[in-house]
Amino acid sequence: MRAPMTGRRSRISRGFIMLSVMWMGLGLMLAVAGFVSQSRLGALTVRAEVETLRAQELARSGLNLALAALTQQATAEGRTSAPPTALRYDLAEGRITVSIQDEAGKIDINQAPVELLRPLLQSLVQGTDAFDATNMAQAIVTTRQESGPYQGLGTLFAQFELSADTAQAMARVLTVHNYTPRIDTRSAPQAVLAAIPGLGPAEAEEIVRRRAAGASLPRLGTAAVWLAPRSGPVYRLSARAEMAGGITAEVHALVRANGLAFNSSKLRFEVLEWRTGS
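In what follows, the accompanying structure is described. Note that the coordinates shown come from a computational prediction; the quantities given were computed from them, not determined experimentally. (Residues numbered from 1 in each chain as written. Predicted model: local features only at pLDDT ≥ 70, side-chain atom pairs only at ≥ 80, totals over all residues. Heavy atoms only, no water.)

With 39 residues, the main nonpolar core has Ile-107, Ile-109, Leu-117, Met-170, Leu-174 and Ile-196 as its most contacted residues. Of all the secondary structure elements, the ones that give two or more residues to this core are helix H2 (114-124), helix H3 (130-147), helix H4 (153-159), helix H5 (164-171), helix H6 (190-195) and helix H7 (201-213). The dominant element in this core, judged by the number of residues it contributes, is H2, at six residues. Not counting residues within four places of it along the chain, the set of residues in contact with Ile-196 comprises Leu-116, Ile-183, Ala-223, Trp-226 and Leu-227. Within the second largest apolar cluster, 21 residues are counted, among which are Leu-58, Leu-63, Ile-100 and Ala-253. (Core = buried A, V, L, I, M, F, W, Y, C linked by side-chain atoms within 4.5 Å. Buried < 20%, exposed > 50% of the residue type's maximum accessible area, 1.4 Å probe, protein only. Helix = DSSP H or I, 4+ residues; strand = E, 2+ residues; numbered from the N terminus. Contact = heavy atoms within 4.5 Å.)

And the structure:
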């Protein structure tokens, strides 16, 4: 009677061993699959990081190309045109787009009088009438007289507790790097031109239209006292690189031209601000 029991136990043991082997095989397969998946994910991550670094370097190259364009414009014999405002380069690695904003086309809050600040403040700060705008402009003048010049626009935004949207709009037309109360007609945004005493929205639109067409500007009348065809010395540069695979990178810089380098025809630039990202 014992032999059949032994055979039965033997069959059960073999079945248990086979089941164990199957589970071990399944576990091994899952481990291999997980390793392969992690390896692929790691490879994709490394590739994305490499492409991101390449995009960042390409964007930095865009800033160098912008500086070269500014140098070429500044050293051109008999130059009368404004610096370029946009550049684009299509390369094998990807595309670079660069914007150049001349701070001479903005109103300097450390230099502009009340009559120049008031119209712009009234047009930009929502709910502000002529009386409120005049008070704000006078407060700006008083602050710089009593506390020294503004070091940046952030101090102005905090002073009047401006919203983020209003601050962003004002940053496009105000500066602390023009260094004169006069504005470069060739690079001034339309909102700046429209706020200049003696001009209005229609005249500002006409100036921008003629400027884009390369035509001569209209007679400026009494507004001419606020205007001067003068470039720099500070420029705001933005470069965006887009790789062929779709990865992008952005670099932004505020630079000041400090004259020609000794024994060279290249401008020397000082970086005042630098940031990456949008």
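Along the chain, Thr-166 turns up in helix H5. A relative accessible area of 14% means that Thr-166 is categorised as buried. Not counting residues up to four positions away in its chain, the partners in contact with Thr-166 are Leu-124 and Val-125.

So, about the pairing of strand E2 (residues 94-102). By the bridge criterion, five bridges tie strand E1 (residues 86-90) to E2 in an arrangement that is antiparallel. Each bridged residue has a counterpart across the sheet, and for Leu-87 the counterpart in E2 is Val-98. The antiparallel hairpin formed by E1 and E2 contains three residues in its connecting segment. In terms of strand pairing, E2 meets strand E5 (residues 234-243) through nine bridges, oriented antiparallel. In the strand pairing of E5, Arg-95 is matched with Glu-242. (Pairing = 2+ DSSP bridges.)

Right, let's get into the environment of Ala-104. Mapped onto the elements of the fold, Ala-104 is located in the loop between E2 and strand E3 (107-108). As for Ala-104 and Asn-178, which are separated by 74 residues in sequence, their C-alpha atoms are 4.8 Å apart. Apart from residues no more than four positions distant in its own chain, Ala-104 is found in contact with Asn-178, Arg-182, Ile-183, Asp-184, Ser-187, Arg-230, Ser-231 and Gly-232.

Let us now look at the side chain of Thr-185. Within the fold, Thr-185 resides in the loop between strand E4 (174-175) and H6. Every residue in contact with Thr-185, bar those within four places of it in the chain, is listed here: Leu-193, Ile-207, Arg-211, Leu-217, Leu-227 and Ala-228.

Let us now look at unusual backbone geometry. Note the cis peptide between Gly-232 and Pro-233, where omega equals 10 degrees. Positive phi is not limited to glycine here, since Glu-161 has a value of about 50 degrees. With respect to the helices, strands and loops of the structure, Glu-161 is situated in the loop between H4 and H5. Taking relative accessible area as the criterion, Glu-161 reaches 72% and is therefore assigned exposed. Phi is positive for Tyr-179, close to 75 degrees, though the residue is something other than glycine. Summarising the element assignment, Tyr-179 is placed in the loop between E4 and H6. Judged by relative accessible area, which is 32%, Tyr-179 ranks as partly exposed.

None of this, on its own, says anything about what the molecule does.
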